[in-house]
Amino acid sequence: MDGLPINAPLPVCTRQQTLKTCIRCVGVGLHGGRRVNLTLRPAPAGHGIVFRRVDLGRDIPARFDHVAEARLSTALIHPTDPSARVGTIEHLMAAFAGTGIDNALVELDAPELPILDGSASPFVFLIDCAGIQEQDAPRPLIEVLRRVRVTQGESWVELRPARDGFQMELSIDFPAAAIGRQSAMLRLTPQSFRHQLSRARTFALAEEVAQLRAAGLGQGGSLDNAVVVDHDRILNPGGLRMPDEFARHKLLDAVGDLALAGAPIRGRFLAHRSGHTLNNRLLHALLNSAGACRLVTPEPISAAA
């Protein structure tokens, strides 16, 4: 779907990347509704993505084994201080993975990232404004060696080996007529992420909104940052950005959740009715199962090549 034949070798970025300079924005958290000051900063090679709660003086590495909650969104928790957490990280993590950012320091003064427009597109815009800097260090890959699958009822996710790159395929099935059954697939590249996934927004069913707010969640949600579905109707005045926006957003979430592996994955991702919890369980199964994967470092590509 990104314009490359399915069997064509993908161009590989063999060196780590970070931001050229820092950049800031202000927004509100989706669930807490609090104002958030966010700063993205460059970081040295090997640093990875780290979230810094500047109001608490705590750093939380973006790792799959630091996930504290993944029901409605993905939240990280400090390994020794449970009071230090950062929620709704998946859209920024997807933007980092989709644009090839390996190392960055993310500073914020609240327990949740700003939701902005409900997609990864504003974060891609921030990254573009800051610029991308290649670093003098190789970029390791996690190569899937055998099929790994996680199920929960009728929902399932799995990773399979693939010759190169990261291929993704996902299907959803919702009772709301405006969503119904949808599927989406692509080979993940910076181009396919920007043009096919980054603008897909988070969504909710109208009957769930009141329940969320009664539970103290969704306080910052609105038609400006989420698609709201009422049976066969889309309540947003502008409608959808693309006909299969719901399935594409689920793929976007998966890109962000799987970025918590700590390195790009070489393999094939397949899913049906998946979500943040299953995505995280899949990473645990992949990275904690003997012989399921290995860490490889591609040979650097010379400037002459």
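Since the structure is predicted, the reported quantities are computational estimates derived from the model, not experimental observations.

Undergrad: Any details on the sheet that holds strand 2 (residues 23-28)? Residues and values, ideally.
TA: Ordered by their spatial adjacency, five strands build an open sheet running 2-3-9-4-5, and the pairing between neighbours is mixed. The open sheet is flanked by strand 2 and strand 5 (58-61), the only strands paired with a single partner. Shown here is a sheet whose adjacent strand axes are inclined to one another by a mean of 25°, direction ignored. Taken together, the five bridges between strand 3 (residues 35-42) and strand 9 (residues 104-108) define a ladder with antiparallel strand orientation. Opposite arginine 41, over in strand 9, you have leucine 105 as the bridge partner. In the packing of helix 1 (residues 90-99) onto the sheet, the strands contacted are strand 3, strand 4 (49-53) and strand 9, and the crossing angle to strand 4 comes to about 145°. With respect to the sheet, helix 2 (residues 121-130) is in contact with strand 2 and strand 3, its orientation differing from that of strand 2 by roughly 160°.

Undergrad: How would you explain the pairing of strand 11 (residues 141-144) if you had to name every residue and give the values?
TA: Alternating residues of strand 11 divide into Leu141 and Glu143 and Ile142 and Val144, and every residue in both groups is buried. Judged from the four bridges that link them, strand 11 and strand 20 (residues 293-296) form a sheet pairing that is antiparallel. Of the residues in strand 20, the one forming a bridge with valine 144 is cysteine 293. The pairing of strand 11 with strand 19 (residues 265-272) spans two bridges and is parallel. Paired with isoleucine 142 across the bridge in strand 19 is isoleucine 265.

Undergrad: Explain unusual backbone geometry to me, using residue names and the numbers behind them.
TA: Trans is the prevailing form of peptide bonds, just as negative phi is the prevailing case for residues other than glycine. At threonine 88, a residue that is not glycine, the phi angle is positive and equals roughly 55°. Residue threonine 88 is classed as buried on the basis of its relative accessible area, which comes to 7%. The backbone of arginine 273 sits at a positive phi, close to 55°, despite the residue not being glycine. With respect to the secondary-structure elements, arginine 273 resides in the loop between strand 19 and helix 6 (276-288).

Undergrad: Could you give me a rundown of the sheet that holds strand 17 (residues 227-230), with the residues and numbers involved?
TA: Judged by pairing direction, the sheet is mixed, and its three strands sit side by side in the order 16-17-18 without closing on themselves. This sheet does not close on itself; its edge strands, each paired only once, are strand 16 (203-205) and strand 18 (233-234). Bridge count between strand 17 and strand 18: two bridges; the pairing is antiparallel. By the bridge assignment, valine 229 is partnered in strand 18 with isoleucine 234.

Undergrad: Requested: an account of helix 6, with residues and values cited.
TA: Spanning 13 residues, helix 6 covers 18 Å between terminal C-alpha atoms, matching the ideal 18 Å at 1.5 Å per step. Those residues of helix 6 that fall on the buried side of the exposure criterion are His276, Leu278, Asn279, Asn280, Leu282, Leu283, Ala285 and Leu286.

Undergrad: Quick rundown of the nonpolar core? Include the residues and the values.
TA: Of all hydrophobic cores here, the largest spans 76 residues; its most connected members are Phe51, Phe96 and Phe269. Of the residues forming this core, the biggest block, seven residues, is contributed by helix 5 (residues 245-258). Excluding its chain neighbours within four sequence positions, the residues that come into contact with phenylalanine 269 are Val157, Glu158, Leu159, Phe166, Gln167, Met168, Glu169, Leu170, Ala254, Leu258, Asn279 and Leu282.

Undergrad: Mind laying out helix 5, listing which residues take part and the relevant values?
TA: Every α-helix winds through 3.6 residues per turn, so residues three or four apart in the chain are directed the same way. Over its 14 residues, helix 5 runs 20 Å from end to end, which matches the ideal 20 Å to within 8%, given 1.5 Å per residue. Summarising burial for helix 5: 13 of the 14 residues are buried, a large majority.

Undergrad: Explain the confidence of the model for the protein chain to me, and be specific about the residues and the numbers.
TA: Of all residues in the protein chain, 94% attain a pLDDT of 70 or more, and the chain-wide mean is 92. Here residues 1-9 scores under 50 on pLDDT; set against residues more than four positions off or in separate chains, the count is 20 contacts.

Undergrad: Talk me through the environment of alanine 292; I want residue IDs and the actual numbers.
TA: For alanine 292, the location among the structural elements is in the loop between helix 6 and strand 20. C-alpha separation for the pair alanine 292 and leucine 258, spaced 34 residues apart in sequence, amounts to 15 Å. Contact partners of alanine 292, with chain neighbours within four places excluded, come to Glu143, Val144, Leu145, Arg146, Val148 and Leu286.

Undergrad: Describe the packing of aromatic side chains, with residues and values.
TA: Evaluation of the coordinates by the stated rule reveals two aromatic pairs. Both rings, one in phenylalanine 203 and one in phenylalanine 246, keep their centres 5.0 Å apart while their planes meet at 85°; by these two values the pair is edge-to-face. With phenylalanine 203 in strand 16 and phenylalanine 246 in helix 5, the pair connects residues that are 43 residues apart, well separated along the chain. Each member of the pair phenylalanine 203 and phenylalanine 246 is classed as buried. Taken together through their ring pairs, the aromatic side chains of Phe174, Phe203 and Phe246 make up a single cluster.

So, how was this worked out
- Residues numbered from 1 in each chain as written.
- Predicted model: local features only at pLDDT ≥ 70, side-chain atom pairs only at ≥ 80, totals over all residues.
- Heavy atoms only, no water.
- Pairing = 2+ DSSP bridges.
- Helix = DSSP H or I, 4+ residues; strand = E, 2+ residues; numbered from the N terminus.
- Axes fitted to C-alpha atoms, helices over the stretch in contact; angles between N-to-C directions.
- Contact = heavy atoms within 4.5 Å.
- Buried < 20%, exposed > 50% of the residue type's maximum accessible area, 1.4 Å probe, protein only.
- Expected span 1.5 Å × (residues − 1).
- Core = buried A, V, L, I, M, F, W, Y, C linked by side-chain atoms within 4.5 Å.
- pLDDT = per-residue confidence, 0-100.
- Phe/Tyr/Trp six-rings, centres within 6.5 Å; stacked < 30°, edge-to-face > 60°.

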